[in-house]
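# Summary of the model geometry
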Amino acid sequence: MDDSRASRLADVLSGESSFRIRQAEEALYGGHFRSWTETASLPKVLRERLEAEIPWLSVSKVAIFPSKRSDAWKALLRTSDGNGVESVLMRNSRNHFTVCVSTQIGCAMNCAFCATGKIGLIRNLSQDEIVDQVRFFRGYVADSKLSGEITNIVLMGMGEPLANYEEVREALRTFTGPMGIGTTRITVSTVGLLPGLDRLVKDPDWPPVRIAVSLHAANENTRKNMMPTTSTGFLDRLVAWSHDYAEAFPEKRRHLTFEYLLLAGINDSEEDARKLIALSRRVGKVRINLIPYNSTDSIHSGSDANTVMRFKRWIESNGITVTIRKSQGGDIAAACGQLAGKTVSGERITNSG
Ligand code: SF4
């Protein structure tokens, strides 16, 4: 049974004019209201029915943790079945906000450097729970009178998006449809689940958002140690897939990104850079995003600043576009790999039973 908000909304609005349907959608997704009661332009009877049958938000706030630099806010949200989800709001120097959204509670991928992976998978988030992380932060930005607006979304929080394919796709359709976020302003980050990657290039309903593959090593053995989901022959299959992707999404703005977390002594040598350059050449249209590591409770430590810069120079001197991701929210355990659904006291909110 389809229990999504879109389906319940269609039930409640069946028989209404297309004008009313648009009005109700705009009320929910336009970002101007905080509840059905505020939507005065809808007839009272309809408003009351919507209020009774369709919860305004599928997640509720447990706590917000602002960073000291006021450039990141982590939200701990609770789902209706009592699980904790974390999302992060980040602000750049131009007052543009990005929301980092979770797609699962926990994660089954078990990447060695990631706090979420230690939890294991509890469950997939629904399309509404994914969308409502952004709707929650839209309200937070307005209510807290933060100047600027949410312009970008990255699906890089808890979970592997392509392991929750249908719900993620429907959430993307809501982001790019009624919520009006452009496809090139949304990035789905994946460990590189090949069945999901293969599916999305052939899926006419998959919005043409950007894809970032968490590569982290261009040597299969090193990658297997970091990311146990790496199968034998993964890198060759990824290269082959990247050509399908370029064919399906030929626009330059839909470029593929390789995320590369730099870990001291693991994947930051000149030899590692050479392998990354060779792989990138086989792919063709790709950008590299180097990520300084935020320590979790794992045994790894990040490469030092000099090594990060040296690694960057090795890559860019070969004509490959490379950036270094600015880390935000490290002091509130909101940076990459740190999300684990915990309250400020470190207690984890889950309801796996
Ligand atoms: S890095 Fe991403 S895919 Fe890997 S365990 Fe963490 S949340 Fe899952």
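Residues numbered from 1 in each chain as written. Predicted model: local features only at pLDDT ≥ 70, side-chain atom pairs only at ≥ 80, totals over all residues.

### Quick notes on the overall build of the protein chain
Here is the rule: Think of it this way: any DSSP run of H or I at least four residues long counts as a helix, any run of E at least two long counts as a strand, and we number them from the N terminus. With the radius of gyration taken over C-alpha atoms, the globule rule is written as 2.2 Å times the number of residues to the power 0.38. The exposure label follows from counting other C-beta atoms within 10 Å of a residue's C-beta, where the C-beta atoms are placed from the backbone and the thresholds are 20 or more for buried and 12 or fewer for exposed, leaving partly exposed in between. Contact between two residues is assigned when their C-beta atoms, built from the backbone, lie within 7 Å.
A count of helical and extended segments in the protein chain gives 11 helices and 12 strands. Its C-alpha atoms give the protein chain a radius of gyration of 21 Å, near enough to 20 Å, the size a compact globule of 353 residues would have. Expressed along its principal axes, the backbone C-alpha trace of the protein chain runs to roughly 70 × 45 × 45 Å. When each of the 353 residues of the protein chain is scored for burial, the buried share is 42%. Within the protein chain, contacts between residues at least 6 apart in sequence are counted, and of these 69% link residues at least 24 apart.

### Details of the domain arrangement of the protein chain
As a measure of interface size, the accessible area lost when the parts come together is often cited. Note the threshold: For the domains described, the bounds stem from an automatic or database domain assignment. Only Asp, Glu, Lys and Arg are considered charged, only Ala, Val, Leu, Ile, Met, Phe, Trp, Tyr, Cys and Pro nonpolar, and every remaining residue, Gly among them, polar.
The assigned domain composition of the protein chain is domain 1 (1–56) and domain 2 (96–332). The straight-line distance from the C-alpha centre of domain 1 to that of domain 2 is 34 Å. Taken together, the contacts link six residues of domain 1 with eight residues of domain 2. Among the residues forming the side of domain 1 that touches domain 2, the class breakdown is one nonpolar, two polar and three charged.

### Section: the site of the ligand
Condition: Residues are classed as near a molecule or strand if the C-beta position derived from their backbone is within 6 Å of it.
Surrounding the ligand, one finds 12 residues, the nearest of these being Cys107, Met109, Cys111, Cys114 and Gly117. Here the shell around the ligand is composed, by residue class, of six nonpolar, five polar and one charged.

### A look at the nonpolar core
Soluble, globular proteins show a tendency: their nonpolar side chains are buried together. Basically, it comes down to this: Buried Ala, Val, Leu, Ile, Met, Phe, Trp, Tyr and Cys residues form a nonpolar core when they are connected through C-beta atoms within 7 Å.
With 77 residues, the main nonpolar core has Val99, Phe175 and Tyr260 as its most contacted residues. It is helix 5 (residues 127–143) that provides the largest number of residues to this core, a total of six residues. Not counting the four nearest positions on each side in its chain, Val99 is found in contact with Ser87, Leu89, Gln133, Val134, Phe137, Ile150 and Ile153. Judged by nonpolar contacts, the second largest core, of five residues, contains Ala24, Leu28, Trp36 and Leu50.

### What about the sheet that holds strand 2 (residues 72–79)?
Hydrogen bonding along the main chain pairs the strands of a sheet, whether they run parallel or antiparallel. Threshold: A strand pair is defined by DSSP finding two or more bridges across the two strands. As a rule, the C-alpha atoms of each element are fitted with a line to give its axis, helices using only the stretch in contact, and angles between N-to-C directions run from 0 to 180 degrees.
Overall, mixed pairing links the 10 strands, which are arranged 1-2-3-4-7-8-9-10-11-12 in an open sheet. Because the sheet does not close on itself, it has two edges, and the strands there are strand 1 (59–66) and strand 12 (322–324). The sheet shows a mean angle of 25 degrees between the axes of neighbouring strands, direction not considered. Both strand 7 (residues 149–155) and strand 8 (residues 186–190) contribute to a ladder of three bridges, which runs parallel. Directly across from Leu155, in strand 8, lies its bridge partner Val188. In the packing of helix 10 (residues 270–283) onto the sheet, the strands contacted are strand 10 (256–262) and strand 11 (286–292), and the crossing angle to strand 11 comes to about 145 degrees.

### Description of the confidence of the model for the protein chain
Definition in use: Per-residue confidence from the predictor is reported as pLDDT, which spans 0 to 100.
In this model, the protein chain carries a mean pLDDT of 90, and residues with pLDDT of at least 70 account for 92%. Mean pLDDT across the elements of the protein chain ranges from a minimum in helix 4 (residues 115–119), with 84, to a maximum in helix 6 (residues 165–176), with 98.

### A closer look at the packing of helix 7 (residues 194–202) against helix 9 (residues 234–248)
Each packed pair of helices is defined by two parameters, the angle between the axes and the distance between the axes. Quick reminder of the rule: Orientation labels follow simple angle bins: below 35 degrees gives roughly parallel, above 145 gives roughly antiparallel, 65 to 115 gives roughly perpendicular, and whatever is left gives oblique. Left-handed is the label given to a crossing in which the near helix is rotated counterclockwise from the far helix by less than a right angle, and right-handed is the label when the rotation is clockwise.
Running from amino to carboxyl end, helix 7 crosses helix 9 at an angle of 20 degrees, the nearest separation of the two axes being 9 Å. Considering the angle they form, helix 7 stands roughly parallel to helix 9. When the axes of helix 7 and helix 9 are compared, the crossing they make is left-handed. Contact residues: Leu194, Leu197, Asp198 and Val201 in helix 7; Arg237, Trp241, Asp244, Tyr245 and Ala248 in helix 9. For the contact of helix 7 with helix 9, the class distribution of residues is six nonpolar, no polar and three charged.

### Structural notes on the pairing of strand 9 (residues 210–214)
Convention followed: If the strands point away from the viewer and the path from the first strand over the helix to the second runs clockwise, then the crossover is right-handed.
Across four bridges, the pairing between strand 8 and strand 9 is parallel. Its bridge partner lying in strand 9, Thr190 is registered against Val213. In this view, the connection linking strand 8 to its parallel neighbour strand 9 by way of helix 7 has right-handed handedness. Looking at chain direction, strand 9 and strand 10 are connected through three bridges and run parallel. Counted as the bridge partner of Ala212 is Thr257 from strand 10.

### Describing unusual backbone geometry
Glycine aside, negative phi is the norm for most residues, and most peptide bonds take the trans geometry. Residue Ser70 is not a glycine yet carries a positive backbone phi of 55 degrees. In this fold, Ser70 is placed in the loop between strand 1 and strand 2. In this structure Ser70 comes out as exposed when scored by C-beta crowding, with 9 C-beta atoms within 10 Å.

### Re helix 2 (residues 18–29)
Worth spelling out the cut-off: For a helix, the expected span equals 1.5 Å multiplied by the number of residues minus one. What the arc describes is the spread of directions from the helix axis to the C-beta atoms.
Its 12 residues place the ends of helix 2 16 Å apart at the C-alpha level, agreeing with the 16 Å of an ideal helix rising 1.5 Å per residue. The complete set of buried residues in helix 2 reads Ala24, Ala27 and Leu28. Down the axis of helix 2, the buried side of the element spans an arc of 95 degrees, and every buried residue falls inside it. Exposed side of helix 2, more than 90 degrees from the buried face: Ser18, Phe19 and Arg22 are the residues found there. Buried residues along helix 2 sit in contact with helix 1 (5–12) and helix 3 (44–53). Gly31 sits one or two positions beyond helix 2 and adopts a positive phi of about 85 degrees.

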